[in-house]
Amino acid sequence: RAGLKQIQQSMSQGLSHLLPEWNSHETFFRPLNDAFYCPITYNLMHQPVIDPEGNTFERVAVENWIRINHNSPITRTDLRIDQLYPNKALEKLLQDEKERPEDQMHPSIRKWKDEPVPRATDVELGGGAVLEQEQRLQIRDGTTTVYVITSTN
């Protein structure tokens with residue numbers, strides 16, 4: 001850990017010589033792992049679930065997809081909601097990121113941890129109730145449009 005700090009300090013000093021406007025007090029954040037992002041919504045996942053083929057999705061997004069298309073959004077093979085299981089390994093990794101000290105937390109995680117967990121609404125399930133405040137994310141794939149509705153309160 002100490003060696004990593006020394007490397008970061010050395011890089012900051014080197015960059016400050018090369019780039020006069022460089023602020024050596026800025027913190028570098030490594031890119032987050034692509035596995036943290038849902039391939040349907042492109043957002044960080046709150047409730048990652050894994051399908052039998054090993055693909056991971058945000059629960060609400062993939063369940064909505066399956067209700068409409070009855071297949072995998074990636075491979076188009078038949079898929080049922082009861083075949084999805086929580087991806088505990090990814091949940092743990094996201095939780096570890098969330099528990100970092102604020103000054104070491106990736107800005108995307110900082111924003112994500114305060115977001116409400118996406119949830120299905122009656123509209124997605126064929127009913128008529130709508131959340132008072134909602135944000136609709138429209139996803140198009142060929143001729144299919146999927147709406148993932150999340151509360152913004």
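Residues numbered from 1 in each chain as written. Predicted model: local features only at pLDDT ≥ 70, side-chain atom pairs only at ≥ 80, totals over all residues. Heavy atoms only, no water.

Caption draft 1: Looking closely at the sheet that holds strand S2 (residues 56–58). Read across the sheet, three strands follow the order S2-S1-S3 without closing on themselves; strand pairing throughout is antiparallel. What marks the edges here is a single partner per strand, and that holds for S2 and strand S3 (85–86). In this structure, strand S1 (residues 48–50) lies alongside S2, joined through three bridges in antiparallel fashion. What sits directly across from Pro48, in S2, is Glu58. (Pairing = 2+ DSSP bridges. Helix = DSSP H or I, 4+ residues; strand = E, 2+ residues; numbered from the N terminus.)

Caption draft 2: Region of the structure containing the nonpolar core. Counting 19 residues, the largest nonpolar core has Ile40, Val62 and Ile109 as its most contacted members. Looking at this core, the elements with two or more residues in it are helix H2 (59–69), helix H3 (88–98) and helix H4 (107–112). Per-element tally for this core: the top contributor is H2, with four residues. (Core = buried A, V, L, I, M, F, W, Y, C linked by side-chain atoms within 4.5 Å. Buried < 20%, exposed > 50% of the residue type's maximum accessible area, 1.4 Å probe, protein only.)

Caption draft 3: Looking closely at the pattern of salt bridges. Per the counting criterion, the structure on display carries eight salt bridges. A salt bridge links Glu63 to Arg59; its shortest N-O distance comes to 3.0 Å. A residue pair is termed a helical-turn pair when its members lie 3 or 4 positions apart in one helix, as Glu63 and Arg59 do in helix H2 at four residues. Judged by its relative accessible area of 13%, Glu63 falls in the buried class. (Salt bridge = Lys/Arg side-chain N within 4 Å of Asp/Glu carboxyl O.)

Caption draft 4: Main features of the environment of Arg59. You can call Arg59 partly exposed: its relative accessible area is 24%. A sequence separation of 28 residues divides Arg59 from Asn87, and the C-alpha atoms of the two residues are 10.0 Å apart. Not counting residues up to four positions away in its chain, the partners in contact with Arg59 are Gln47, Val49 and Pro86. (Contact = heavy atoms within 4.5 Å.)

Caption draft 5: Summary view of the side chain of His106. Structurally, His106 can be placed in the loop between H3 and H4. Judged by its relative accessible area of 12%, His106 is buried. At a separation of 3.0 Å, a polar atom in the side chain of His106 contacts the main-chain amide nitrogen of Ser108. If we skip the residues at most four places from it in the chain, His106 touches Phe29, Arg30 and Leu32. (Polar contact = N/O pair within 3.5 Å; in protein donor to acceptor, adjacent residues only side chain to side chain.)

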